[in-house]
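Given next are the chains, with one letter for each unit.
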Amino acid sequence: MSSAANRKPLPLKIALWSFVAIWLMMAAFPFLWTLWGSFKVELDFFSIADWTNALTGDNTERTHGTPFTGAGYEGAWVKEGFLRNIINTGIVCIFVVCTSLTIGTLGGYALSRSGFKYVFWLLIAALIFRAIPPITLVSGYLPVFFQYNAWGYLPTAIIVLVAINQPFTLWMLHSFFESIPKELDESAKVDGCTQFQAFRRVIIPVMWPGVITTGLFSFLLAYNDFAVTSMILNEDNRTMVPQIAAFLGTTQTEGNVMFAVAAVVSATAPLFVLVLFFQRQIVSGLTAGAVKG
Amino acid sequence: MKHRTFFWFFLPTGLAMILFIAAPLVSIITQSLFAPHEAVFVTVENCGPFGCKEETTIDQSATAALREAEPMGRFVGLSVYLDRGHLAVAEVAEAWRTSESIGEFFGTIYNLPFYRALAFTLTYTFVCTPLLIILGFFIAISVNSLHRHLKGLVIFFSLLPMIVTPLVGSLILFWMIDSRGVLGNLLSYLADDPDLSLKASSPLMWTSIIIYGIWNSAPFAFVVFYAGLQTQPKDTLEAAQIDGATRWQQIRFVTIPHLMPLVTFVALIQLMDNFRVFEPIVGFSAQAHATSLSWIIFNDLGGETQQLSAAATTSVLTVIGVAILLSPVLVRTWRDFKGRS
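A quick note: this is a predicted structure, and the numbers were derived from the prediction, not measured.

**Q** Hey, could you go over the overall build of chain A for me, with residue numbers and the actual values?
**A** In terms of helices and strands, chain A carries 15 helices and zero strands. Each principal axis of the C-alpha atoms in chain A carries an extent, and together these give about 80 × 75 × 30 Å. Per-residue burial over chain A gives 53% buried out of 293 residues. Taking the intrachain contacts of chain A between residues at least 6 apart in sequence as the baseline, contacts between residues at least 24 apart amount to 72%. Split by element, the accessible area of chain A, about 13200 Å² in all, is 68% carbon and sulfur. Side-chain charges of chain A comprise 17 positive and 16 negative groups, with the mean position of each set lying 15 Å from the other.

**Q** Please set out the interface of chain A and chain B residue by residue, giving values where relevant.
**A** Residue-level contacts link 101 residues of chain A with 92 residues of chain B. Summing the contributions of chain A and of chain B, the shared interface buries around 8800 Å²; its carbon and sulfur component is 81%. Looking at the side of chain A facing chain B, the largest losses of area belong to Trp23(A), Phe46(A) and Leu286(A), adding up to 8% of the total buried there. On the surface where chain A and chain B come into contact, there are one salt bridge. At the boundary of chain A and chain B, one finds 13 residue pairs in polar contact (both at pLDDT 80 or more). For the side of chain A that touches chain B, the element with the most residues is helix H15 (residues 257-292) of chain A, which contributes 17 residues.

**Q** Could you give an account of a nonpolar patch on the surface, naming the residues involved and the relevant values?
**A** Residues and elements named next belong to chain A. Residues Trp208, Ile212, Phe272, Val273, Leu276, Phe277 and Phe278 make up a contiguous nonpolar surface patch of roughly 680 Å² in combined accessible area. For the nonpolar patch, the secondary structure elements donating two or more residues are helix H12 (208-224) and H15. The element contributing the most residues to the nonpolar patch is H15, with five residues. Note on tryptophan 208: relative accessible area 44%, which makes it partly exposed.

**Q** Can you break down the confidence of the model for chain A residue by residue, with the values?
**A** Per-residue confidence for chain A averages 87 on the pLDDT scale, and 94% of its residues sit at or above 70. Ranking the helices and strands of chain A by mean pLDDT puts helix H6 (residues 82-113) of chain A first, with 94, and helix H3 (residues 53-56) of chain A last, with 78.

**Q** I'd like to hear about the pairing of strand E2 (residues 41-48) of chain B, residue by residue, with values.
**A** Residues and elements named next belong to chain B. As paired strands, E2 and strand E3 (residues 51-58) are joined by eight bridges and run antiparallel to one another. The residue of E3 that forms the bridge with glycine 48 is glycine 51. In this structure, the hairpin formed by E2 and E3 is closed by a connection of two residues.

Criteria and thresholds
Residue positions are given per chain, counted from 1 along the sequence in the order it is written. As a convention, the first chain written is A and the first ligand written is 1, with the rest following in written order. Given that this is a predicted model, residues contribute local features only at a pLDDT of at least 70 and side-chain atom pairs are listed and counted only at 80 or more, while totals for whole chains, interfaces and linings are drawn from all residues. Side-chain figures throughout are based on the complete set of non-hydrogen atoms in the structure, without hydrogens or water. Secondary structure counts use DSSP, requiring at least four H or I residues in a row for a helix and at least two E residues in a row for a strand, with both numbered from the N terminus. We call a residue buried when its accessible area falls under 20% of the maximum for its residue type, exposed when it is over 50%, and partly exposed in between, using a 1.4 Å probe and counting protein chains only. Throughout, a contact is declared for two residues whenever any of their heavy atoms are within 4.5 Å. Note that accessible areas follow from Shrake-Rupley with a 1.4 Å probe, and for residues the cover is restricted to the protein chains shown. Neither His nor the chain termini are counted; the positive set is Lys and Arg, and the negative set is Asp and Glu. Charged groups are reduced to one reference atom each: NZ for lysine, CZ for arginine, CG for aspartic acid, CD for glutamic acid. Buried area: the sum, over both parts, of the accessible surface (1.4 Å probe) that disappears when the two are put together. One side-chain nitrogen of Lys or Arg within 4 Å of one carboxyl oxygen of Asp or Glu is enough to make a salt bridge. Throughout this description, a polar contact denotes any pair of N or O atoms lying within 3.5 Å of each other; where both atoms belong to protein, one of them has to be capable of donating a hydrogen while the other can accept it, and for residues adjacent in sequence the pair is counted only when both atoms sit in side chains. A residue counts toward a patch only above 30% relative accessible area and without a salt bridge, and it is joined to like-charged neighbours within 9 Å or, for Val, Leu, Ile, Met, Phe, Trp and Tyr, to nonpolar neighbours within 5 Å. The pLDDT value expresses, per residue, how confident the predictor is, ranging between 0 and 100. At least two bridges found by DSSP between two strands is the condition for calling them paired.

This is how it looks when you write it as structure tokens:
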């Protein structure tokens, strides 16, 4: 496609380039700015007097002797025990991803291999469930959790997040399994395998690309959830995001916004790494729904 | 696959959805029909040296016993739906009768918590969605014309606003737009108004939350459209060029029709997701200027007194809203299904 007709005139090229540059600024600048600012004191991060203070860190230098300080991180991680919340998030994410992939794979596989009419209705039900905002369900959970004394614990949150995850997982894996030829497991069944054996020996070895992509989105849902986890976890078991919200309530009055800033940067870092390594899978996951859809 | 095998394969995921999605849905509908018990009052005659007087006090043990006996509360039918915190039928009727102009009527309505939240939720949903689609489309077109090596880099940075935790993303933006932050400083410098503050102005707050929404979701539209551009057939484009279509006409009459199904897809997903707007309101601490339906539920559930019944009622109303937004998709899926079988 390098014919003369396709070569773009210079002004158009410049316009396109600057548009992309502006978008890149919009997308990346806030993160870089906050990362840079998280190593400053509050007076520099919110620099009323002179905005260049945020770059040079004048007040930080006056307070700590160097233009960069880890005080915010120290305060958040050590004093406020943010490490505890990071571990909680880790536990929740690992268990949510593993459980929801295990049961979602079985369900999605069954949906893709059964030609009966109820498959359609199950998928529609899943679509409706996907559309319902999770926070509307919380007032349904609370009385039951209080009654059985299950409120506040990590396993409760894990089970709830797994369930909320299922509709999306099912849709995604259903369309992925549809793309695996039915002949594969049919021939295994002809050779005398049961359906489950066919699944285990033939489908499991080839399903990993789809499962990894789905797993990424399950992870993101569990990691990013605020509405549900903040309502059903007690103070000791809070994950990162509700804890950041709690920082806003308590530390802003004490002038320790920098704790929250450090916590925000700490919570963003894993996602940054995730995109770095799984960019291709995330893109394919986002488009899978669309192409099918 | 046999029904039996299907059943066992589907059982775990089905059970999870029934127990933790379907059952809570039933539960919120039931809860919304009940209201908490009122305290039981007892009137006792208190006789002292200066004569007798009647005193009304709360009978704590009787109240506790009643709450114990009927934990659901008392059945009130639809009256929670109609009260001031929700549909506020009486207040709306009153406003309709007494207001002299339509503007005054809407002004009164806007002061009712439910309608205030509904107004912001709908504005957010229907302003964000088209704008993010347009922005995403232009990013996709521009990135598609870049050199191959640059594309990966641009996609990497573009994914960040979407992938980041909504609360974290809104905080990051809020700290910059805050009157003490770098963008807030810049704005008040440009507007030549040193007192310009986000926290003091509802229109500014609405605008910045909507900008957050676009920033957050445009990457999704971008990625989907970008993938769509990769599958665009070259020959139609070439045919258009031979016919002498200008660059704009090529986009208008070849590319956009090709992407149209994807636009519908993105629009439906985003309508659904924007309707649940919640985190930016917490992140921007915008309660004073903008609330959303999800925020009302959150607010009722949190705090000292958990108003389960009120929260359940707002939840049901929210679900009804989602159902209305979703109905075109359902109808379309149903037609597709009918067409196939």
